[in-house]
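Per-entry structural report
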Amino acid sequence: MIAVIIIIVILVVVGIIFAGMYNSLVGRRNQVDNAWSQIEVQLKRRHDLIPNLVEAVKDYMSYEQETLTNVTAARAAAINAGSQGPQAQAQAENVLTESLKSLFAVVENYPDLKANQNVLSLQEELTSTENKISFARQFYNDSVLTYNNKIQMFPSNVIAGMFNFTTRQFFEVPEGDRAVPTVDLR
Amino acid sequence: MYEQIRRNRRASWLLMGFVVALLAVLGFAIGAAVFGGTSGGIGLLGVFGIVAIGWSILGYYSGDKMVLAVSGAHRVTHEHEPQLFNVVEEMTIAAGLPNVPAVYVIEEPAPNAFATGRDPQHSSIAVTRGMMQMLDREELQGVVAHEMSHIRNYDIRFATLVGILVGMIALVADFFLRWSFWGGFGRRRGGGSSGDSAGAVLMVVALVLAILAPLAAYGVQFAISRRREYLADASGVELTRNPLGLARALNDIAADSRPLGHANRATAHLYIANPLKNKKTKEASGVFDTHPPIRRRIANLLEMAHAGPEALVSGRGAPAEPSPPHDVSPPSAVPPAPPA
């Protein structure tokens, strides 16, 4: 009789521990998904802001068509890469980031542009969006790290294997892969 | 971090209990001394107890609004202060918090900032005008990250409660001391039913308590806040991954000698740097300081960045220069908002 009770108690305790680990895995997975959607929100916002910026500066920058074309092309490529998984997307977005940096570098050479309130506020918005993207990515990567650790480490890896929790990709590109566009900075 | 959150939640409850008890005892002593005997004591104990519980609940739910009102802060949106608002949004994302805190500006030249609220869903960040003018984007980010850590760690709940409750104890004790000084004795003697000697003893006890209670309350305030500032510096850097931004900001703040007009004893511990008198650049912290020495905090941050003191001024305007530094930053950074 006592042995039966002990076995039941052990089973209940093990069940509670398993449930706790399962719930924590689900919580982590939701956090990763949520962090990912935050990145997407900011990427989308950047894609939306770029046409406005190009529109605002293009009249001043007739000699810098190449820079503007680079930005527009990088934007189109980044939007396309949206459906190809974190790795491809990260790469395309990095190209876009670099092309924007070149554009802002060029803007520095035009005093008219630097004084233009509209350009200034677009620049602030894009700077902030860049930052938001990188902070969202930072939070996403941290979340993925914790989640992947939980999936691979004992004892929660047992639960993860039973319920098909799979590790996620980081949002990053190795240094060497980063294609830096060549832009004339004068 | 979760340990810190748990500790803050527990500390908040303990604090409320402690204050209610302290006020109840104070109420009993004053009641017994003024109205005479135990019945008077219990009567006032009841009154004080109810008031204290009511005030604690009020402080829990609207302490942030009281603190913001006392500090003369007004709410701003993205439309008014795009850069400040954007920086707060950036740090919200970095901290992975569910929603963006309300953003407030205090129209004062002294550079300072604080966060308040009861949890990340109900939180606010207030920054002075002087802070926004003095700091560049990176430095502002460091400051906002520091405040965001206070929010994420639930420091804000505890610190706001401390401000509200310490303020009340000081008020009650102060009121009683003045009242007893200006003629309370006479009235008590007229209506006192107990013997004069017993009344006098109670009176002394009440006076001693009235003096000690605020000191005890301040003691809590001092003890809590120094450690938290170091912690928030460190976890703020975890958000920005840029110790130099906050280090430079603190350096600029340290160089500014103006006290903050809207700050007082009850709210001083909320701010990122001591708003009352931050002029002493001593190395060790005294028992009655609400903040750790700012030089020490800067040194810690420099150590995180593996940088020397020269990093504090590299490529920026001289510290404590009230005009926005000229833009020599990389092209992705924008110059700080122009002075309003």
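Since we're looking at a predicted model, the values are computed, not measured.

Turning to the overall build of chain A, a few remarks are in order. A count of helices and strands for chain A gives 6 helices and 0 strands. The secondary structure elements of chain A, listed N-terminal to C-terminal, are α-α-α-α-α-α. Over its C-alpha atoms chain A spans a radius of gyration of 24 Å, topping by over 25% the 16 Å that the globule rule assigns to 186 residues. Residues classed as buried in chain A amount to 32% of the 186 residues present. Within chain A, residue pairs in contact and separated by at least 24 positions form 77% of the contacts whose partners lie at least 6 positions apart.

With that settled, consider the overall build of chain B. Counting secondary structure elements, chain B contains 9 helices and 4 strands. Counting from the amino terminus, chain B carries its helices and strands in the arrangement α-α-β-α-β-β-β-α-α-α-α-α-α. Restricting to contacts in chain B with at least 6 residues of sequence separation, those with at least 24 account for 71%.

Residues and elements named next belong to chain B. For strand S2 (residues 102–106), the tally of buried residues reaches 4 of 5 residues, placing the bulk of the element in the interior. Here strand S1 (residues 73–76) pairs with S2 via 4 bridges, running antiparallel. Note that in S2 the partner of Arg75 across the bridge is Tyr104. Two elements, S2 and strand S4 (residues 122–128), share 5 bridges in a ladder whose sense is parallel.

Moving on, we get to the domain arrangement of chain B. When the parts come together, some accessible area is lost, and that loss is often what is quoted as the size of the interface. Residues and elements named next belong to chain B. Assigned domains within chain B: domain 1 (2–64 + 157–224) and domain 2 (69–155 + 225–312). If you look at the interface, domain 1 gives 17 residues, while domain 2 gives 20 residues. Mapped onto the side of domain 1 that touches domain 2, the elements with two or more residues apiece are helix H1 (2–35), helix H2 (37–70), helix H6 (155–191) and helix H7 (196–240). In terms of residues, the side of domain 1 that touches domain 2 owes the most to one element, H6, which gives 8 residues.

Before going further, it helps to examine helix H8 (residues 243–255) of chain B. Residues and elements named next belong to chain B. For H8, which comprises 13 residues, the first-to-last C-alpha distance of 18 Å matches the rise-based estimate of 18 Å (1.5 Å per residue) to within 8%. The element H8 is extensively covered by neighbouring structure, given that 12 of its 13 residues are classed as buried. Residues Pro243, Leu244, Gly245, Leu246, Ala247, Arg248, Ala249, Leu250, Asn251, Asp252, Ile253 and Ala254 constitute the buried set of H8.

All names here are of chain B. Summarising burial for S4: 6 of the 7 residues are buried, a large majority. Across 6 bridges, strand S3 (residues 113–119) lies against S4 in antiparallel orientation. Within S4, the position partnered with Gly117 by the bridge is Ser123.

Let's shift gears to the interface of chain B and chain A. On the chain A side, the residues contacting the 12 residues of chain B number 18 residues. A class-by-class count of the residues in the side of chain B that touches chain A yields 6 nonpolar, 4 polar and 2 charged.

Turning our attention to the confidence of the model for chain B. Residue and element names in this part refer to chain B. Looking at chain B as a whole, its pLDDT mean stands at 77, while 79% of the residues score no less than 70. pLDDT under 50 marks residues 278–284. Its contacts with residues more than four places away, or in other chains, come to 10 contacts. Scored below 50 in pLDDT, residues 314–340 makes 46 contacts in the model with residues more than four places away or belonging to other chains.

It is worth spelling out the sheet that holds S1(B) at this point. Residue and element names in this part refer to chain B. In space, the 4 strands of this open sheet follow the order S1-S2-S4-S3, with mixed pairing throughout. Of all strands in the sheet, those with a lone pairing partner are S1 and S3, marking the two edges. Each strand axis lies, on average, 30° off the axis of its neighbour in the sheet, ignoring direction. The sheet contacts of helix H3 (residues 82–95) involve S1, S2 and S4, and relative to S2 the element is tilted by about 140°. Sheet contacts for helix H5 (residues 137–152): S3 and S4; angle to S3, the most-contacted strand, approximately 25°.

In this section: the nonpolar core. Counting 104 residues, the largest nonpolar core has Leu26(B) and Ile169(B) as its most contacted members. Sort the elements by how many residues they give to this core and H6(B) lands first, with 13 residues. Viewed by domain, this core spans two of them, domain 1 (2–64 + 157–224) and domain 2 (69–155 + 225–312) of chain B, each represented by three or more residues. When residues no more than four places from it in sequence are discounted, the contact partners of Leu26(B) are Phe48(B), Val172(B), Ala173(B), Leu209(B), Ala210(B) and Ala213(B). Core analysis: the next-biggest nonpolar cluster, separate from the first, contains 17 residues, Leu96(A), Leu100(A), Leu103(A) and Leu126(A) among them.

Residue and element names in this part refer to chain B. The N-to-C vectors of H8 and helix H9 (residues 294–304) enclose an angle of 160°; their axes lie 9 Å apart at closest approach. It follows from the interaxial angle that H8 and H9 lie roughly antiparallel. The handedness of the crossing between H8 and H9 comes out as left-handed. Residues Pro243, Leu246, Ala247, Leu250, Asn251, Ile253 and Ala254 of H8 form the contact with H9, whose own contacting residues are Ile294, Arg295, Arg297, Ile298, Leu301, Leu302 and Met304.

Thresholds, definitions, all that
- Residues numbered from 1 in each chain as written.
- Chains lettered and ligands numbered in written order.
- Predicted model: local features only at pLDDT ≥ 70, side-chain atom pairs only at ≥ 80, totals over all residues.
- Helix = DSSP H or I, 4+ residues; strand = E, 2+ residues; numbered from the N terminus.
- Rg over C-alpha atoms; globule rule 2.2 N^0.38 Å.
- Buried ≥ 20, exposed ≤ 12 C-beta atoms within 10 Å, placed from the backbone.
- Contact = placed C-beta atoms within 7 Å.
- Pairing = 2+ DSSP bridges.
- Domains from an automatic or database assignment.
- Expected span 1.5 Å × (residues − 1).
- Nonpolar A, V, L, I, M, F, W, Y, C, P; charged D, E, K, R; others polar.
- pLDDT = per-residue confidence, 0-100.
- Axes fitted to C-alpha atoms, helices over the stretch in contact; angles between N-to-C directions.
- Core = buried A, V, L, I, M, F, W, Y, C linked by C-beta atoms within 7 Å.
- Parallel < 35°, antiparallel > 145°, perpendicular 65-115°, else oblique.
- Left-handed = near helix turned anticlockwise from the far one by under 90°.

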